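Report on the structure
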Amino acid sequence: MGSDRVVARFEIHSTRYLEPDGTPIEPLPAWSDDRDTLVDLYRAMVRTRTFDARAVALQRTGQLGTFASSLGQEAVAVGLGAAMQPEDVLVPSFREQGAQLWRGVTMTELLLYWGGDERGSDFAGPREDFPISVPVGSHASHAAGIAMAFQLRGEPRVAVCVVGDGATSKGDVYEALNFAGVRRLPMVLVVNDNQWAISVPRAVQTAATTLAQKAVAAGVPGEQVDGNDVIAVRTQVALAIERARSGEGPAVIEAVTYRLTDHTTSDDASRYRPPEEVTERWAHEPVVRLRSLLVARGWWGKDDEEGLTADCRADVEAAVDAYLHTPALPATSMFDHLHAELPAALAGQRAELEAAVARTDASAEGGHG
Amino acid sequence: MAELTMVEAIRTAMARAMADDPSVLVLGEDIGRDGGVFRATDGLLDRFGPDRVIDTPISEALFCGLAVGLGAQGFRPIVEFQFLGFLYPGLDQLINHASRLRNRTRGRLSCPTVVRSVWGGGIGAPEHHSEATEALMAHIPGLRVVLPSSPARAYGLLLAAIADPDPVVFLEPSRRYRSPREEVVDDGHPLPLDRCAVLRHGTDLTLVSWGATLGEVLEAADALAAEGVEAEVIDVSTVKPIDTGTILASVERTGRAVIVHEAARAGGIGAEIAAVLADEGLTSLLAPVARVTGYDTVIPLARLEHAYLPDVERILGAARRTMEYS
Ligand SMILES: Cc1ncc(C[n+]2csc(CCOP(=O)(O)OP(=O)(O)O)c2C)c(N)n1
Ligand SMILES: [Mg+2]
């Protein structure tokens, strides 16, 4: 018989600080002893939830295009957003509004984007952050490229990429992780493991026990956190980011959560998942969990909650108002950012469009008269 | 001054751009110590170091995506594909991201990258190594697609592609890599993108082509001259966007056009040029626009490759037929 020995082993650790009912599993990380820090996280989650609900309502009333709500997953996006430094770069998927808002993308910009206006991706705040990425998993390599830029320039900055559980089945995500491992890039990949990829459940996506272990094959550390526990998300993502910043290389963090609503406003999840499953998962959702801790610590009361509700509503309504009153894009703008300078060969087509629009406008005016 | 091969001219252009601009990087498979499978990056690692000449894993989708991230951060990555048949996994990145990042973000982020790939048949290479699918990429808004036809043109066009603030696909005809040689002045002067080059002036017939087949087209033009037909030869050079003005102006004078390309016929760039001639040049035409192209078949392996590629005889046949109309 030949020799037989174990040449590699791995373990995946999972972190949680708050039980679903908000009971702390002591000791909590020191940063969470600060009331304002925790309250800021709570506010950001409620703000995100308020925004999502309003966006869905806008879509239902024909005032917004398809929209992807993050209901139930606010702790993932807010936690990772809060773990980043302003100079880091976020490379999001399409369900990270909680992180985008934290980093200074405005609600108006998000509404413009989902309302079909490219200006929504011209963020006034985080100028280097990437726009939403629709082709699933395709942006992981962008984060690797950005991380490579930081490394080449010797800048202590980190690229943070977010993908879904479904995206981890794509080669793009593996190729990026593999390369990040080879070059020890300052890149953190957060997997929003919300159990569903439209109608495909996590079990049909992969036979792997965890998604975090997909990092192992690339020689990258991977771990899980309870994605409905914002303290766990923020703590573990911040540790990974700071390790990456100090040159210790990339990491994968799988945040286990649950999509409490439809995939997008175009989806009807009742076609493929039993309502009992969703009802059961409401008991684990992140907002009440953190509020329970705040209340137990005497840091939050009815007045605070009422004040926050009113603030969030006012913020969202102001953004909706700005969105609905944003002057229309000129049709010719479709030509104006295709290249740095319009190629001569396209000038004719641009003029053609301009003339077509002018004709349409003229006949519309004629119609009214 | 030196007589260089096309592959030497390409290497010289990259070295010049890297020396002039520290944001220029080269990425790809085997491009470091090995100097690239065609030696296009030979010596660059020693000269510019491993931070600027970067060997990647065999991850074609990845390196196009890296270029998007690096480009958005202000680098000018040059990505080398060993053969065009292996670029296809990177098409997702080119189509969905590189070509539209500027538009998606209203100019906030952009992707100043050059994707270089070995292109075309004629060297008896293995399967998947002889692709001429420039039309695939030319169809994508936001991408420039450039094909050099000679060492000096490769040098100048590559410098222009690297300097361009947007993504450029640069397709290098492998069968012109090693010959003929041509004098190339390494003076850092780019040649203009989006412009045809007139390689030979003539009044009777316009021959339009790009890339490797210009070799055969120029030979055919010589043979036609011996028959008393003076052909104008246009090197389209940038097949997206196309400088239709130069082509139309020539056909206005000659009244006759033969378009020659190695790629398959249906949906090829030749169809686009013929449509423009029909649309904007109809009144100048004395004869139907002819196309001499690869067939709508898979390019055969080495033994039948010559039967697929447009040769001088086919070009002459089309030119003579075109001249019969009066
Ligand atoms: C490459 C690609 N394939 C398919 C789609 C259509 N699509 C959009 S979202 C989605 C599911 C994504 O699931 P997951 O990665 O788990 O993210 P989640 O939507 O759950 O946040 C699919 C299949 C797409 N956008 N991109
Ligand atoms: Mg999912």
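Note that the coordinates shown come from a computational prediction; the quantities given were computed from them, not determined experimentally.

With respect to the overall build of chain A
A count of helices and strands for chain A gives 13 helices and eight strands. For chain A, the C-alpha radius of gyration of 23 Å lies close to 21 Å, the compact-globule estimate for 369 residues. Projecting the C-alpha coordinates of chain A onto the three principal axes gives extents of approximately 85 × 60 × 45 Å. Out of the 369 residues belonging to chain A, those deemed buried represent 53%. Across chain A, the fraction of contacts at a sequence separation of at least 24, relative to all contacts at a separation of at least 6, is 74%. Total accessible area on chain A stands at roughly 15900 Å², and carbon and sulfur atoms take up 54% of it. Distance between charge centres in chain A, computed from 34 positive and 52 negative side chains, equals 3 Å.

Describing helix H2 (residues 74-83) of chain A
Along H2 of chain A, ten of the ten residues are buried, which leaves the element largely enclosed by surrounding structure. Turning to H2 of chain A, its buried residues number three or more, namely Glu-74, Ala-75, Val-76, Ala-77, Val-78, Gly-79, Leu-80, Gly-81, Ala-82 and Ala-83 of chain A.

Overview of the site of ligand 1
Residue and element names in this part refer to chain A. Surrounding ligand 1, one finds 15 residues, the nearest of these being Arg-95, Val-134, Asp-165, Gly-166 and Trp-196. Within the side chain of Arg-95, an N or O atom sits 2.7 Å from an oxygen atom of ligand 1. Val-134 places a polar main-chain atom, nitrogen or oxygen, 2.9 Å from a nitrogen atom of ligand 1. Across the complex, the protein chains shield 71% of the 570 Å² of accessible surface that ligand 1 would expose by itself. Here the shell around ligand 1 is composed, by residue class, of eight nonpolar, four polar and three charged.

Considerations on the sheet that holds strand S2 (residues 24-28) of chain B
Residue and element names in this part refer to chain B. The mixed open sheet is built from seven strands, whose spatial order is S3-S2-S4-S5-S7-S6-S12. If you trace the sheet from one side to the other, it starts and ends with strand S3 (53-55) and strand S12 (238-240), each paired once. Taking the axes of each pair of neighbouring strands and ignoring which way they run, one obtains an average angle of 20° across the sheet. Relative to S12, strand S6 (residues 144-146) runs antiparallel, the two sharing two bridges. Bridged to Val-145 within S12 is Lys-240.

Details of the pattern of salt bridges
All names here are of chain A. Scanning the entire structure with this criterion turns up 44 salt bridges over all chains. Among the salt bridges present, the one from Arg-49 reaches Glu-74, with a minimum N-O distance of 2.8 Å. A residue pair is termed long-range when its members are at least 10 positions apart, and Arg-49 in helix H1 (residues 35-60) and Glu-74 in helix H2 qualify at 25 residues. Arg-291 is paired through a salt bridge with Glu-305; the nearest N and O atoms lie 3.2 Å apart. Of this pair, Arg-291 sits in helix H10 (residues 286-296) while Glu-305 sits in helix H11 (residues 302-324), and the two are 14 residues apart along the sequence. Residues participating in the shared-partner salt-bridge network are Arg-16, Glu-19, Asp-226 and Arg-289.

Some details on the sheet that holds strand S2 (residues 89-91) of chain A
Strand pairs in the sheet, formed through backbone hydrogen bonds, run parallel or antiparallel to each other. All names here are of chain A. Taken together, the six strands give an open sheet; going across it, the order is S1-S7-S8-S4-S3-S2, and neighbouring strands pair in parallel fashion. This sheet does not close on itself; its edge strands, each paired only once, are strand S1 (14-15) and S2. Where strand S3 (residues 159-164) meets strand S4 (residues 187-193), six bridges bridge the pair, whose relative direction is parallel. Its bridge partner being in S4, Gly-164 is matched across the sheet by Asn-192. Helix H6 (residues 171-183) contacts S3, S4 and strand S8 (251-256) of the sheet and is inclined by roughly 150° relative to S4.

Description of the nonpolar core
In this structure, Met-148 of chain A together with Leu-94, Met-137, Val-236, Ile-247 and Ile-273 of chain B are the most contacted members of the largest nonpolar core, which totals 83 residues. If one sorts the elements of this core by residue count, helix H5 (residues 140-153) of chain A sits on top with nine residues. Residues contacting Val-236 of chain B, with those up to four places away along its chain left out, are Arg-195, Cys-196, Val-208, Ser-209, Trp-210, Ile-242, Ile-247 and Ile-273 of chain B. Val-76, Ala-83, Ala-244 and Leu-290 of chain A belong to the second-largest nonpolar core, a separate cluster that totals 46 residues.

Things to note about the state of the cysteines
Using the criterion set out here, one finds zero disulfides over all chains in the structure. Cys-161 of chain A takes part in no disulfide bond, and the closest cysteine sulfur, belonging to Cys-111 of chain B, lies 16 Å away.

Side note on the side chain of Ser-149 of chain B
Residue and element names in this part refer to chain B. By the element assignment, Ser-149 lies in the loop between S6 and helix H7 (151-163). Owing to a relative accessible area of 13%, Ser-149 belongs among the buried residues under this scheme. If we ignore the near neighbours within four places in the chain, the residues touching Ser-149 are Met-6, Leu-199, Gly-211, Leu-214 and Asp-235.

Some words on the domain arrangement of chain B
A common way to express how large an interface is: the accessible area buried when the components associate. Residues and elements named next belong to chain B. Domain parsing of chain B yields domain 1 (2-184) and domain 2 (197-324). Placing the centre of domain 1 and that of domain 2 at their C-alpha centroids yields a distance of 26 Å. When domain 1 packs against domain 2, close to 1900 Å² is buried across both sides, 55% of that on carbon and sulfur atoms. Among the residues domain 1 hides against domain 2, the three largest losses belong to Leu-147, Arg-153 and Arg-175. Together they make up 23% of the total. For the pair domain 1 and domain 2, the number of links is four salt bridges. At the surface where domain 1 touches domain 2, the tally comes to 15 residue pairs in polar contact (both at pLDDT 80 or more).

As for the interface of chain B and chain A
Taken together, the 42 residues of chain B in the interface contact 43 residues of chain A. In total, about 3400 Å² of surface goes out of reach between chain B and chain A, with carbon and sulfur atoms giving 60% of it. On the chain B side of the interface with chain A, the three residues burying the most area are Gln-73, Arg-106 and Arg-108 of chain B, jointly 25% of the side's total. At the junction of chain B and chain A, the tally comes to 14 residue pairs in polar contact (both at pLDDT 80 or more). Mapped onto the side of chain B that touches chain A, the elements with two or more residues apiece are S2, helix H3 (60-72), helix H4 (88-98) and helix H5 (101-104) of chain B. A total of nine residues in the side of chain B that touches chain A trace back to one element, the largest contributor, which is H3 of chain B.

Re the confidence of the model for chain A
In regions of low pLDDT, the predicted coordinates are not meant to be interpreted in detail. Residues of chain A with pLDDT of at least 70 account for 99%, and the chain-wide mean is 97. Ranking the elements of chain A by mean pLDDT puts helix H13 (residues 344-368) of chain A last with 90 and S2 of chain A first with 99.

Some details on the packing of H6 of chain A against H3 of chain B
Packing of H6 of chain A against H3 of chain B leaves a shortest axis separation of 9 Å and a crossing angle of 70°. Put simply, H6 of chain A runs roughly perpendicular to H3 of chain B. Here H6 of chain A contributes Asp-172, Glu-175, Ala-176 and Phe-179 of chain A to the contact with H3 of chain B, which in turn contributes Glu-60, Ala-61, Leu-62 and Leu-66 of chain B. For the contact of H6 of chain A with H3 of chain B, the residue count by class is five nonpolar, no polar and three charged.

Thresholds applied
Residues numbered from 1 in each chain as written. Chains lettered and ligands numbered in written order. Predicted model: local features only at pLDDT ≥ 70, side-chain atom pairs only at ≥ 80, totals over all residues. Heavy atoms only, no water. Helix = DSSP H or I, 4+ residues; strand = E, 2+ residues; numbered from the N terminus. Rg over C-alpha atoms; globule rule 2.2 N^0.38 Å. Buried < 20%, exposed > 50% of the residue type's maximum accessible area, 1.4 Å probe, protein only. Contact = heavy atoms within 4.5 Å. Areas by Shrake-Rupley, 256 points an atom, 1.4 Å probe, with all protein chains shown as cover. Lys, Arg positive; Asp, Glu negative; His and termini not counted. Charge placed at Lys NZ, Arg CZ, Asp CG, Glu CD. Near = heavy atom within 4 Å. Polar contact = N/O pair within 3.5 Å; in protein donor to acceptor, adjacent residues only side chain to side chain. Nonpolar A, V, L, I, M, F, W, Y, C, P; charged D, E, K, R; others polar. Pairing = 2+ DSSP bridges. Axes fitted to C-alpha atoms, helices over the stretch in contact; angles between N-to-C directions. Salt bridge = Lys/Arg side-chain N within 4 Å of Asp/Glu carboxyl O. Core = buried A, V, L, I, M, F, W, Y, C linked by side-chain atoms within 4.5 Å. Disulfide = S-S within 2.5 Å. Domains from an automatic or database assignment. Buried area = accessible area lost by both parts, 1.4 Å probe. pLDDT = per-residue confidence, 0-100. Parallel < 35°, antiparallel > 145°, perpendicular 65-115°, else oblique.

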